[in-house]
Amino acid sequence: MKTSKRLSSLTGYAFAEIDNKVKDLRSEGISPIDFGVGDPTEPTPEIVRKALSDGANRHASGGYPNYTGSDEYRTAIAHWTKKRFDLDLNPATEICASVGSKEAVFNFPEAIIDPDDFVIVPNPGYPPYARGTLFAEGRVHYANLLPENNFLPDLGSIPADVCKKAKLMWINYPNNPTGVTAPASFFEEIIAFGKENDILIASDEAYSENYYGKNRPRSILEFTKTGVVAFNSLSKRSCMTGYRVGWVSGDREVVAAFKKLKTNIDSGTPTFIQDAAVAALSDEVHVLELRNLYRKKRDIMVDAFGKAGLARCCPDATLYIWQKIPNGFTSVDFAGKLLDPQIAIVTTPGSWIGENTPEGNPGEGFIRLALVPSVEECELAAKRIEKFLSGTCTTCQK
Ligand SMILES: Cc1ncc(COP(=O)(O)O)c(C=O)c1O
């Protein structure tokens, strides 16, 4: 069978390639510690699971769920947003439920983009920003996230003709993969940039609750609701990746366009999942516990690389460490070295997350670790890194 040109043009999803490497190690009888995909392994909180099973009985007669989310779910989102960001959102007009964020992020350009319109996409970044653009027949301009700019896009370096033809720009803070948060001044700057160039700013806030310090990450909606839209998810906040539930909120015209698109593309979030999501949003205790747990794992791994002579790359937020690698290695080579049987830890080469641009691949020089193994597994991985990696990098980048 011949697949479409569009599908054929895509390279494999990077994580499928990692899965294959893990399988190879397992077939040799080695159990690698898997820092590959950002899928939390902690159980979904009990109050969420209970609400899910109660929800199945509450909605005994089944039936298609509302496309945009139940009143109860959208109201719970509005309450949470008020508490968390001191922000008023109208549940009827400014919020729409989504089947996890990926669905919303991938499909969203269909609502905004005409063929050949530009979408400005962070690089390295979450693949659906670019792939959703390509499926909507738009053109991608990559804005590289570099350490010298604190992994913020350099708006001044975006060519004027791209600004003219761009309709949409994605930002993602706290950022996957770099682990940085954005200061208020950046949100102000990007909003002004969007206004000046008539570009809608889409802020992916999937990791807004996965932070480590005292300063809570900001939402773009705290600064304005005009010309901006935010994408949120319960996947990482509440270990609900398997539930597939999130929401889109912001500028009411944009939310209305997303609702229209969604009604035509897919179905609503299942009713019992929305009940579980309401329970998740009502509780901050589990979120705090998860934050403390991930901080512990972060510190173990950052210390291990530091002791092995590598740079200390300590993230402010997210589930990820964006680890600088030693001189003399490509990111693929270094991830391969960590797969040596005596270390056996799975990481993602930065060049697989970054895209090639005329200025190079900004993921090169890094590997990404998703802090999803348990604390005990992190301790074991740390011991192996300290023992078998130390001394391999005489010219480490600090
Ligand atoms: C930056 C970013 N945005 C959105 C998502 C999507 O999360 P979900 O589809 O599980 O809600 C992810 C998942 O890894 C992500 O890393």
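Keep in mind it's a predicted model, so treat the numbers as computed, not measured.

Asks: Hey, could you run me through unusual backbone geometry in this one?
Replies: Excluding glycine, most residues fall at negative phi; most peptide bonds, likewise, are trans. With an omega dihedral of -5 degrees, the bond running from Tyr173 to Pro174 counts as a cis peptide bond. Position of Pro174 among the secondary structure elements: in the loop between strand S5 (166–171) and helix H9 (184–197). A positive phi angle, close to 75 degrees, is found at Asp116, a residue other than glycine. With respect to the helices and strands, the residue Asp116 is situated in the loop between helix H6 (109–112) and strand S3 (118–123). We note that Arg244 has phi near 60 degrees; this positive angle belongs to a residue other than glycine. With respect to the secondary-structure elements, Arg244 resides in the loop between strand S7 (228–233) and strand S8 (246–250).

Asks: Would you mind going over the side chain of Glu103 with me for this structure?
Replies: In this structure, Glu103 sits in helix H5 (residues 100–107). A residue is classified by how much of its surface remains accessible, and Glu103, at 13% relative accessible area, is buried. Engagement of the side chain of Glu103 in a polar contact is seen with the backbone nitrogen of Val99, the distance being 2.7 Å. A polar atom in the side chain of Glu103 sits 3.5 Å from the side chain of Lys262. With sequence-adjacent residues up to four places away left out, Glu103 is seen in contact with Ser98, Phe258, Lys262 and Asp266.

Asks: What am I meant to see in the site of the ligand here?
Replies: In the region of the ligand, 14 residues are neighbours, and Asp204, Tyr207, Ser233, Ser235 and Arg244 sit closest. In the environment of the ligand, an oxygen atom lies 2.7 Å from a nitrogen or oxygen atom belonging to the backbone of Ser101. Out of a free accessible area of 390 Å², the ligand has 92% covered by protein chains. Broken down by element, the shell around the ligand gets its largest block of residues, 3 residues, from H5. Grouping the amino acids of the shell around the ligand by side-chain chemistry returns 4 nonpolar, 6 polar and 4 charged.

Procedures and definitions
Residues numbered from 1 in each chain as written. Predicted model: local features only at pLDDT ≥ 70, side-chain atom pairs only at ≥ 80, totals over all residues. Heavy atoms only, no water. Helix = DSSP H or I, 4+ residues; strand = E, 2+ residues; numbered from the N terminus. Buried < 20%, exposed > 50% of the residue type's maximum accessible area, 1.4 Å probe, protein only. Polar contact = N/O pair within 3.5 Å; in protein donor to acceptor, adjacent residues only side chain to side chain. Contact = heavy atoms within 4.5 Å. Near = heavy atom within 4 Å. Areas by Shrake-Rupley, 256 points an atom, 1.4 Å probe, with all protein chains shown as cover. Nonpolar A, V, L, I, M, F, W, Y, C, P; charged D, E, K, R; others polar.

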